[in-house]
Structures are given as C-alpha cells and as structure tokens.
Amino acid sequence: MTPAGSIRRTPAGYLAPLSRETRLVLGVIAALLGLAAAVGHPFLGSDSPSPALSLPWWAMAVAFAATEANVLHLQVKRQARSVSLSELSVVLGLFFAAPLDIWIGWLVGSAAVFVVQRRTSVLKASFNLALVSAETAVAVAAFHAAVSLADGNRPTIWLGAYAAAFLLNALGVVAIGVVIAVYEGNLHLAPLLREAVTGNPAGPIVVTVALVAVTSWTAVADSVWLFAILGALLLRAYRVYASLADRHRNMERLYGFSQAVGSASEIDEVLDTVLGEVKELLRSDRAEVVILAPGGGLTRVRIGADGRLSRVEEPRRPEDDCLRGVLEEGVPLLMPRGTRDASARCWLEARACREAIAVPLRGREGITGLLIVADRLGDVRTYGKDDVRVLETVANHAGVALQNGELIERLQHEALHDSLTGLPNRTFLQRRLGAALDDVQAGRASGAAVMVLDLDGFKEVNDILGHEQGDLLLAEVGRRLTTAVGGAGTVVRLGGDEFAALLPDTADEQQALRVAGRALRALEQPVVLDGLDIEVSVSIGVALAPAHARDAAALLKRADVAMYEAKSSACGPRLYEPDLDTTSPRRLTLVSELRAALHNDGIQVHVQPQARLGSGAVVGVEALVRWQHPDLGWVSPDEFIPVAERSGLIGPLTTQVLDSSLAACAQWRAAGHDLGVAVNLSTRSLQDAALVEEVARLLRRHGVPAARLTLEVTESSVMADPARAVGLLHQLLDLGVRLSDDDFGTGYSSLSYLKRLPVHEVKIDRSFVTGLREQGEDVAIVRAIVDLGRHLGLEVVAEGVEDQATWDLLASMACDLVQGWHLARPMPTGELLPWLATRERATTPGGLRAV
C-alpha cells in the first residue's frame, strides 16, 4: 500500500513521487494549520469587541484584498523591499470584527489576490493561506489576552494591537525562512531571528495609523470616510512620487551610461560597460547581448560569475521563436513574471528566468542582435512598460557604440575563428563543408576533400616546455599548414592539437594526397622553442566526397578513421578505404552503441572509497564510469570517453554519471553515512556553458549539499581553453562544490597554474605513488607535492595505494587522503554500504581494515 501524500498524479496520468522539497513544504503547511487550530480554536465563537460597529466577513475580505493588492515598493540601493498594509486591516478587524469573520475575510481576500492578481502556484498559495490562518490565530490570541488583562485600560489594549502585529509578522518571517531553508538546504537561525524582530520597520507606523482610525471611528462613526479618502489620496501621492523618483533616477543613470559607453573603445570594454550598466539601470540579475551570427546562429555575450565576459555560440532553438518579432520587426518583447503567453513562458523556462525584456540592437544594415535583461532584483515587482522604454534607450546607445570600428563584424569573426592561431574554427569548417557538399549535390562542384591532421607528441612538448611554448608551436604549425595548402583550400584548427583542411571542388584523390604531402614537408623543418629545435610530426587522414560520404559528419568521421590509421602505421598520409572499417569495427560502431547505452541505462557508476590516512576513516568515494557492452564485454573508459567527446555525447554521459553519483550519495546520507563523491570532468565538459546550471539542478534534485560534490579536472583539460575553463570553475566554486586538480604533477606548468585554479585539493598521479615502493626519486616528488599542498592550504590525495608499506610511507609524509586497491577495489554503488559495514566490524586498532 502506498503511503498517503507520497505520490501525485502527473498530466500523463501516471503516478510519480513528490519531490523532497514539496513534501517538506507540505509538512510546514500542516504545522501552520495545526498551530492555527490549536491557538485559534478557543476564540472561534467569540463576538466582535464592538458590537455596535461589527464588520461582517465580506467587509474584512474587501479590506484585506485592498491592502494585499496595494503593496508599497521601496528600493534601497540594489535591494527591493515591500511594505504591506495588511496590519491596518488586522487592527481594524481586532477591534470591530469577530475572530471567525477576521479569519474568513483574510482567507477570501488573500485568495482573491493570489489567484487573480499574482497568479500564484497552488503550492505557494496553499502555504500563504495556511500562514494567514496561523497569523490570524496568533494575532487574535495576543489581542484578546491584552484585552483580558487591560480591564478597560485603553493603552494596554493598544499595546495588545502592537503585540498582535509584531507576532504575526515574526511568525511570517520564520515560516518563510523555513521554506527557503528547505529549498537551499541550510537554515541560518541567527539572521532569521534578527529578521523576525526587525524585518518590518513600517509595521508600528501602520498599526499607529490603524489605532488613530479606531479611536476616531469609535468617537465619530462617520469619520471612517475621511480616513478612507485620506488613505486613498496618500497612496496615490506615494505612487506618483515613486514613479517620478524612478524616472529621475533612470535619467541620471542613462546620462552616466551614455558617458561610459562613449568613452569605451575596445570591444570587450564596450560590451562589459553595456551589460554592467544595464543590470544596474534596471536592477536586474542577468543581462546579455545576442548577436546574429552568419548562418542563422546566435552568439550570446554575458558577464560570468567571475566577472569576465563569456561568448557562447549556439543554434536557434524552438523556444527562440518568441523572439522573432524582435529580430525581424524590431518590436520589443516584454515577458513579465507570471505571463500568460505560452511561447514566452517556454522561453523563460528554457533559460531558467522568472521574467525578461528583449529589445533589438540596430546596426547600419538593420537589426543585428538583441539586448536582453532578466530576473529583476527582489521579489516585489516585475518589469513594466517604463522598463521597456529605458531598455530601448540603452539599446540605441549600445547599437551606436557597437557599430563604431565595425565591432559587430569583429564579434562574428571571433565566433568563427580560433583566438590562438587566428585560423577558422570547427564551426567555420562545418558551415563551409556543408556548403561545399551542397555544391556537390547540386552538380556545381565535382567533389570535396577533407584532411584531418593530428600532431604527434604534442603532449610531451607541453609537459617539458610548458603551455606557453606549446601555444607558440600550435601557432607556427598553423602558419606552415596555411602556406602549404595555399589557395587549394582552407586550414582550420579543430581544437587542442588537431587541425583540418577543406579542399573544395576536389574529387581527385591524388590531388588531395599531394596537398597532404606538402603539409607533411612543411613540418619537416624543426620549430625553435625556448632555444631548442623541436621536431614536429603529424598524422594525416584524407576522405573524399562523394566517394566516401555525402554528409559532413560522415565525411569528417571517415577522415578521422584514416588519420588514426596513419598514426598507427606511420606511413604518411592515409586515404580512407572501406577496408579500414573492418580492421577497426569498434571505432565506427561505438558511437551509436554508446548513444543506445546512455538511452537504455547501460552506463554504470562504480565507486572507489577514499580514507583519511591518520584515522583510516572513509570520508568519500570517487565515481568511476563503466560500460559493459553486450557483445564486447567491459569497454575501457580510455576508449569510449574520447568517442563521447568527439561525437557530442560527453554532455549526456557527464549528466548521467553526476545524476547516478548524487543519487547514490543521497542514499548513503539517508543511511547515516555523510560521504562525499568525486566526479571527473572532461575537456569538453569544461567548455560546456550549461554545465553549471546542470550541476545546480542535480544537487537540488537529490538534496545533496554542494560541499559533498567534488569535481576533478586535469590541468591539460583546463589549458585546452584556459579563459573559458577557469571562468566556469569559478562559477562552480560559487555553487559551493569542491574542486580537485587531478593527476597533479603530470600536466602543464603545475606550480604556476595551481595558483590560478580555484581548487580545494590536489591528487598525486598514481604513477608517482606506485613508484614509492622503489624508494627512488618518486619519494622526493611525492613529499614535495604533499608539502606544497600543505603550505597552500590544500588537501592532498594519493591514488594508487596498493600495499601497507606505501600507506605507511604516505602517513609519515602527512598526506591527507588515500585511494587504491589496498583500501578497496572499485565496486558498484549498491555494494558500498555492505562494504562499509563489513569494514567497520573488521577495523583494526590502527584504523586500517585488514586486507
């Protein structure tokens, strides 16, 4: 039998479990209702304290609806606060209405505002109505207690009204604070109590006004109309004043904005100024410039969590259709909070925004992009038409600034070119190759050839000379290849040490091989780096269209297969042949089979425990991805992870590993084992702009504190694109996750880059740890890494510990954590808890399980 309250019916008609957060909020609602029943029950039959001026429930409903709907919004620097007038209705009800009429009136009036004006969700509305019930009960109880003690003394009764208002406000602050803690995973008690006491500075003023009204109404009943007229006039005057003040502030900021943009000359300076000023001007959390890229794509420019500009090129998505009117007709798009427009809601959900405004950016030839702001600071007011006009003014200034110096063209160039070598990038190649194949299909060209080139031994150059010299090598290789290919085609950098060349209108394999031979000869001469002559060799694979493939993806795959064959055979450029498929069937089939494994839950996560050297206590695990192929058996991660990276499956693979690891972590925590879990990130993952939001989503989904997740990166993966990777790591750091420098000591200039990477720990590569048994130079290397980590305040993890002697030696060096077969071999996640139980029973006095 299913426990009541643990399932819900989804739109598709099947039952699914409620989220942890929803269950906890429902618990808070139940507690509030219980409090309301316990405290308010004795007063349900009480009459109005003033029978001669008794207000019915519907009058109270009108009063509460009016005060809830007319919240005053105050802006203090970058924080927005709301001043509620509900205390006015509460005090009037305490004096002139029965407790039951107050409760019904407040519920009906609030419900009307939640449904009609604010369009609150069912869960949030239920919480607010439960809170109203509890606040009514507490306020009535406090006021009636004061009345019973006053014995007719008016000041004491007035103090009861102040106490009632204070208590209902404190209860609201505490209840809302608890709900926020449910979603954020932590409860800060001291700030919450401080907010409960001081969080409503306008409350005593509102209560005082209400008491003046009560005193006047009691003396002269008709005076209520004077107070109603005065209140309406004051409210109207405040709104006019607030509107004028907002306009005045916006004029001042627009003036400052135009000066700041006018003085900026470099493209990054202009964009940084535009985005920073527009966030301040419209008091928004997010802002971005969207540039229309050639071919119909979009280049999004925003300021990241590290304060640096980031650029992400992506195709138009179906949800972007709601922006068509902005892009094609120049009509601004206002998407306020709670919008009823389905396409706007779809766009907001896809971008994880509450509200947004999009206005066109205009250039010499028309609309060149968009300026978008989203998520107004504070939760009391959404965007309106005045904000649209302000943003349009900003966009006009920004459009003029971006035109100067042909900044738009530079943006488009940067989106299609590699910043290191200046060569076209992978996106450029895909577009040009697609166009060339279209020409072949239409008969306008005889064919097309693609060469894929991979440098041999590039990693060793970086390891020995450092990444700066490696960058110089890549730039020189790019120049030589461009010269060698000449007018026959276009050379591009695919990323890392991979290059490619497109030879359009080429169907002759001998002509393509001659160009490949020229590329080889161009690299025969050594490259001088740091005073050394460095020999450079390259493996080249060639594929032709339409002979080998008719679409871009297949043609590049064929050239890639030929390149790997050239690398293994070392016999010069290799032309793709169908026979290569039979000599390496795994390479061509792994992509589709890996995709199927991801779809059918064929990917498994095993874990290997990590323990503290001093106590032997297990404090975490490393997640290790495993794939058991139905025909090939266990496929090595070293084989299928590169396949995932090249095929674009690394994103789904990383998400699945993170999801499984955090789900297991949540189960361990529920069983009383507060263990952390470490997950490796690949080079492609560090270039995925959506990774941060995905990690945050999965942490929320499984209710795992961010500090229990460690993400491991290698220095080589970071250095594939240092600016983007370091910026993304800072965003992950802001989430609260831990970061680890994996395989420390084997990558680029480790000492210098360790200071740049925002990591919490370093992992000593297993090649050094396994060498400790030889008592050679590895002992000195490991000791130096441990000392370095201690001085930099970093934890040091040694992986590959396979015997007690290595354990003891690392303990003598004061290493922090160990991992290896001597502690435990990798195991499925479901076997960890039994292993922990067995280990706890078998733990020796020295802290290490007998193995």
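Cut-offs used in this document
- The residue numbering used here restarts from 1 in each chain and proceeds along that chain's sequence as written.
- Reporting of local features is limited, given that this is a predicted model, to residues whose pLDDT is at least 70; pairs of side-chain atoms are given and counted only at 80 or more, and all residues count toward the totals for whole chains, interfaces and linings.
- Derived side-chain values reflect all non-hydrogen atoms in the structure, with water molecules and hydrogen atoms excluded from consideration.
- Strands here mean DSSP runs of E at least two residues long; helices mean DSSP runs of H or I at least four residues long; both are numbered from the N terminus.
- Think of it in three bands: with a 1.4 Å probe and only protein chains considered, a residue is buried below 20% of the maximum accessible area for its type, exposed above 50%, and partly exposed in between.
- Calculation of accessible area relied on Shrake-Rupley with a 1.4 Å probe; when residues are assessed, cover is drawn exclusively from the protein chains displayed.
- Note on contacts: a residue pair is in contact if any heavy atoms of the two residues lie within 4.5 Å.
- His residues and chain termini do not enter the charge count, which takes Lys and Arg as positive and Asp and Glu as negative.
- Note on definitions: salt bridges are taken to be side-chain nitrogens of Lys or Arg within 4 Å of carboxyl oxygens of Asp or Glu.
- By the convention used here, strands pair only if DSSP detects at least 2 bridges between them.
- Whenever a helix is involved, its axis is fitted only over the stretch in contact; in every case the axis is a line through C-alpha atoms, and angles between N-to-C directions fall within 0 to 180 degrees.
- This arc is built from the directions going out from the helix axis to the C-beta atoms.
- Think of a nonpolar core as a cluster: buried Ala, Val, Leu, Ile, Met, Phe, Trp, Tyr and Cys residues, connected wherever their side-chain atoms sit within 4.5 Å.
- Sulfur atoms of two cysteines make up a disulfide when they are within 2.5 Å.
- For Phe, Tyr and Trp, rings pair up if their centres lie within 6.5 Å, where Trp contributes its six-membered ring, and each pair is then called stacked (planes under 30 degrees apart), edge-to-face (over 60) or tilted (otherwise).

I tried to follow the overall build of the protein on my own but got confused; where do I start?
Summing up its helical and strand segments, the protein has 31 helices and 27 strands in all. Counting over 851 residues, the protein shows a buried share of 47%. Here the protein displays about 40200 Å² of accessible surface, and carbon together with sulfur accounts for 56% of that area.

How should the side chain of N425 be read in this particular structure?
Among the structural elements, N425 can be located in the loop between α14 (407-416) and α15 (426-442). Here N425 falls in the buried class, since its relative accessible area comes to 14%. Sequence-distant contacts of N425, that is, excluding residues within four places in its chain, are made with A415, L416, H417, D418, V492 and R493.

How should I be thinking about the side chain of E319 in this particular structure?
Examined against the element boundaries, E319 turns out to sit in the loop between β7 (309-314) and α11 (324-329). No salt bridge is formed by the buried E319; its nearest oppositely charged neighbour, R317, is found at 4.1 Å.

Got a minute to help me understand the pattern of salt bridges in this structure?
Note that side chains of opposite charge can pair when their charged atoms are close. If you walk through the whole model with that rule in mind, you get 27 salt bridges. Linking R324 and D321 is a salt bridge whose minimum nitrogen-to-oxygen distance equals 3.3 Å. Overall, the relative accessible area of 43% leaves R324 in the partly exposed class. With a relative accessible area of 45%, D321 lands in the partly exposed category. Through salt bridges with shared partners, a single ionic network connects E288, R300, R302, D320 and R351.

Help me out: how do you make sense of the sheet that holds strand β5 (residues 284-292) in this one?
Reading across from one edge, β7-β6-β5-β10-β9-β8 is the order of the six strands in this open sheet, with antiparallel pairing throughout. On the outer flanks of this sheet lie β7 and β8 (333-335), each paired with one strand and no other. Recorded for the sheet is a direction-independent mean angle of 20° between the axes of neighbouring strands. The pairing of strand β6 (residues 298-303) with β7 spans six bridges and is classified as antiparallel. Along β7, the bridge assignment pairs L298 with E314. Across the sheet, helix α12 (residues 342-350) touches β8, β9 (356-363) and β10 (366-376), and the angle it forms with β8 is around 70°.

Quick question: what am I supposed to make of helix α16 (residues 458-465) here?
The periodicity of an α-helix, 3.6 residues per turn, causes residues three or four places apart in sequence to face the same way. When we look at burial in α16, the residues that qualify are F458, V461 and N462. Here the buried residues of α16 occupy an arc of 95° about the axis, which is enough to place them on one side. G466 sits one or two residues past α16 and shows a positive phi near 95°.

What should I look at first to understand helix α31 (residues 832-842) in this one?
Along α31, the residues that are buried comprise L832, W835, L836 and R839. Along the axis of α31, the buried positions cluster into a sector of 100°, meaning they face one direction only. Structurally, α31 contributes buried residues whose contacts are with β18 (603-612), β19 (618-629), α23 (650-670) and β27 (827-828).

Explanation requested: the sheet that holds strand β17 (residues 574-575) in the structure shown.
Strand-to-strand pairing in sheets goes through backbone hydrogen bonds, with the strands running parallel or antiparallel. With respect to topology, five strands assemble into an open sheet ordered β12-β13-β11-β16-β17, the strand pairing being mixed. Each end of this open sheet is capped by a strand with a single partner; those strands are β12 (490-495) and β17. Looking at chain direction, β12 and strand β13 (residues 498-504) are connected through five bridges and run antiparallel. When the sheet's bridge partners are listed, T490 is paired in β13 with L502. Those strands touched by helix α17 (residues 467-485) are β11 (448-456), β12 and β13, and its axis lies near 15° from that of β13. Lying over the sheet, helix α18 (residues 509-522) contacts β11, β13, β16 (537-545) and β17, oriented at roughly 160° with respect to β16.

It is not clear to me how the nonpolar core should be interpreted in this structure. Could you clarify?
In summary, soluble globular proteins display a tendency toward joint burial of nonpolar side chains. Among the nonpolar cores identified, the biggest contains 79 residues, and L709, L711, L732 and L810 are the most heavily contacted of them. Considering each element in turn, this core owes the most residues, eight residues, to α23. Beyond its immediate chain neighbours, meaning those up to four positions away, L709 contacts L658, L662, V677, V679, V695, L699, V737 and R738. Of all hydrophobic cores here, the second largest spans 32 residues; its members include L94, I102, A150 and L168.

For this particular structure, what's the right way to read the state of the cysteines?
By definition, a disulfide links two cysteine residues through a covalent bond between their sulfur atoms. Tallying each qualifying case throughout the model produces zero disulfides. Of all cysteine sulfurs, the one in C346 lies closest to C322, which takes part in no disulfide; the gap is 7.7 Å. Overall, C322 belongs to the buried group, its relative accessible area being 14%.

Mind showing me how you'd approach the packing of aromatic side chains here?
What describes a pair of aromatic rings is the distance from one ring centre to the other and the angle between the planes of the rings. Scanning the model with the defined rule gives three aromatic pairs in all. With a centroid separation of 6.4 Å and an interplanar angle of 50°, the aromatic rings of F95 and F96 are classed as tilted. We note that F95, like F96, is buried. Each ring, one from W627 and one from F640, has its centre 5.6 Å from the other, and the planes form 90°; the classification is edge-to-face. Residue W627 is located in strand β19, and its partner F640 is located in helix α22 (residues 637-647); the two are separated by 13 residues in the primary sequence.

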